[in-house]
Amino acid sequence: MSYDDRAIVTGDEKEDTVALKPVSAGAEGQGGKPMDPHAEAARDTAQSTAPAVRHLRVDGAKHPPGGLSQNLMWLIFSRIGVPLLMLAGAVLLLQKARLWFRPPLEMPQIIQDIRSDGAARWRAVAQIGAIMADGRYPEVRSDRELAMAMSDAFREELQRPLLSVSDLSVVSRKYLCFLLWQMDDESVILALCEGATWWGISMPQPGSPVRCAALEGLYEMARRLGPDVLRQNPKVLPALRQAASDPIDPVRASAALALGVHGGPGGCETLEGLLNDPSRNVRYSAAIGLSTAGSDKGVLTLKEFFECEEVERLVATGNTESIVAGRTCRLLLLSLESIEVLMNTQPEAQVESLRPAINRFCQSQLPPHVKEVAFRVRRKMQERTGE
């Protein structure tokens, strides 16, 4: 230790007091003369052997209250928060870069190929499917010229009869129908109405996938763009009512859901008739449609659906991996949403018989998005009764 870095504490044993005396290099002796270094060292040795002299280490300044926690918080932020912010910024930058450097589309050529025939049309259809799946081209869904070109192509394909029961062209027509209802343009409604009643052959089974896809498209467009897209077109209701009498069960079930979002006296009349359908899925879909349209005449059928074996299994396990379980989960979600709509449009609707099932759903193993709707329905029921 140098003379600049030490301090000597001297004390009086009787009075038990101490005094801190700094010692620095170059200290002066008596008379203002510099002290001999040998004499100074001898004096230090004598003081160190005295019983009343103690050497203490002088520590640095203590941290102010809260200083340590602030340093810890800054350390955590610099080690975790800053990298996360940098990562989020990099992700946003990559997304922007994908938009800035997206490949240009040759829409005139694509539309021309769709209006053509043969392999060029289906290559263009596949290209449009890939473009719609890419989130960088949202403007494609509202392209009126593209919507009209695909509608015309779909009508041309419907005019060609199926060659046999196993004609694989049904798959391509179903895919084109799927792309149609992905559009946000109302000009595709008429083409979907034609697809909803298309058989393609004297037997009803081969063309049923196209009819189901068209009816599902009408339903999804009404949910996405509003029910007025169906109500404003006079050809929609006749097509839906015709599909409601289709000999294929899934076609009638899809028609029931579309009739529900369409609503109106004619639609509700057809749905009430479907409550007596021999197929359970058709009855359940008709009850969902009635609730969506603002009628409580399907509440008892919904109660039957809530107590069926498939729903009980879904409530107990929450497993939706199988095809049947996935279909049951979708119907259950739609039924809960329809009850919520019914309670909003008809405050006096008689839905109290569904309360035990709703309470059971809220305490079940259902998927979170289904339970969320069940909690909303239960809250509305409690508000109606003042609970």
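A quick note: this is a predicted structure, and the numbers were derived from the prediction, not measured.

### What about helix 6 (residues 169-180)?
In an α-helix, one turn spans 3.6 residues; hence positions three or four apart end up facing the same way.
Reasoning step 1: With 12 residues, helix 6 extends 17 Å from end C-alpha to end C-alpha; this agrees with the ideal 16 Å at 1.5 Å per step.
Reasoning step 2: Within helix 6, burial applies to V170, R173, L176, C177, L179 and L180.
Reasoning step 3: Of the surrounding elements, those touching the buried residues of helix 6 are helix 4 (119-133), helix 5 (144-158), helix 7 (189-196) and helix 8 (208-225).

### Section: the packing of helix 8 against helix 11 (residues 249-262)
Angle between the axes and distance between the axes: these two values describe a pair of packed helices.
Reasoning step 1: The interhelical angle for the contact between helix 8 and helix 11, taken along N-to-C directions, is 20°, at an axis separation of 9 Å. One element, helix 8, and the other, helix 11, form an angle in the roughly parallel class. Both helix 8 and helix 11 take part in a crossing whose hand is left-handed. Every residue of helix 11 that contacts helix 8 at S208, R211, C212, L215, Y219, A222 and R223 is listed here: P250, V251, S254, A255, L257, A258 and V261.
Reasoning step 2: Residue composition of the contact of helix 8 with helix 11, grouped by class: 10 nonpolar, 2 polar and 2 charged.

### A word on the nonpolar core
Here is a general trend for soluble globular proteins: nonpolar side chains tend to be buried in one another's company.
Reasoning step 1: In terms of nonpolar packing, the biggest core is built from 98 residues, with I128, M150, F306, L332 and F361 touching the most fellow members.
Reasoning step 2: Not counting the four nearest positions on each side in its chain, M150 is found in contact with I114, I128, M132, L176, L179, L180 and M183.

### Describing the side chain of D277
Reasoning step 1: Structurally, D277 is set in the loop between helix 12 (264-274) and helix 13 (280-293).
Reasoning step 2: The buried category is assigned to D277, whose relative accessible area is 11%.
Reasoning step 3: Setting aside chain neighbours within four positions, we find D277 in contact with R252, V282 and R283.

The rules behind these values
Residues numbered from 1 in each chain as written. Predicted model: local features only at pLDDT ≥ 70, side-chain atom pairs only at ≥ 80, totals over all residues. Heavy atoms only, no water. Helix = DSSP H or I, 4+ residues; strand = E, 2+ residues; numbered from the N terminus. Expected span 1.5 Å × (residues − 1). Buried < 20%, exposed > 50% of the residue type's maximum accessible area, 1.4 Å probe, protein only. Contact = heavy atoms within 4.5 Å. Axes fitted to C-alpha atoms, helices over the stretch in contact; angles between N-to-C directions. Parallel < 35°, antiparallel > 145°, perpendicular 65-115°, else oblique. Left-handed = near helix turned anticlockwise from the far one by under 90°. Nonpolar A, V, L, I, M, F, W, Y, C, P; charged D, E, K, R; others polar. Core = buried A, V, L, I, M, F, W, Y, C linked by side-chain atoms within 4.5 Å.

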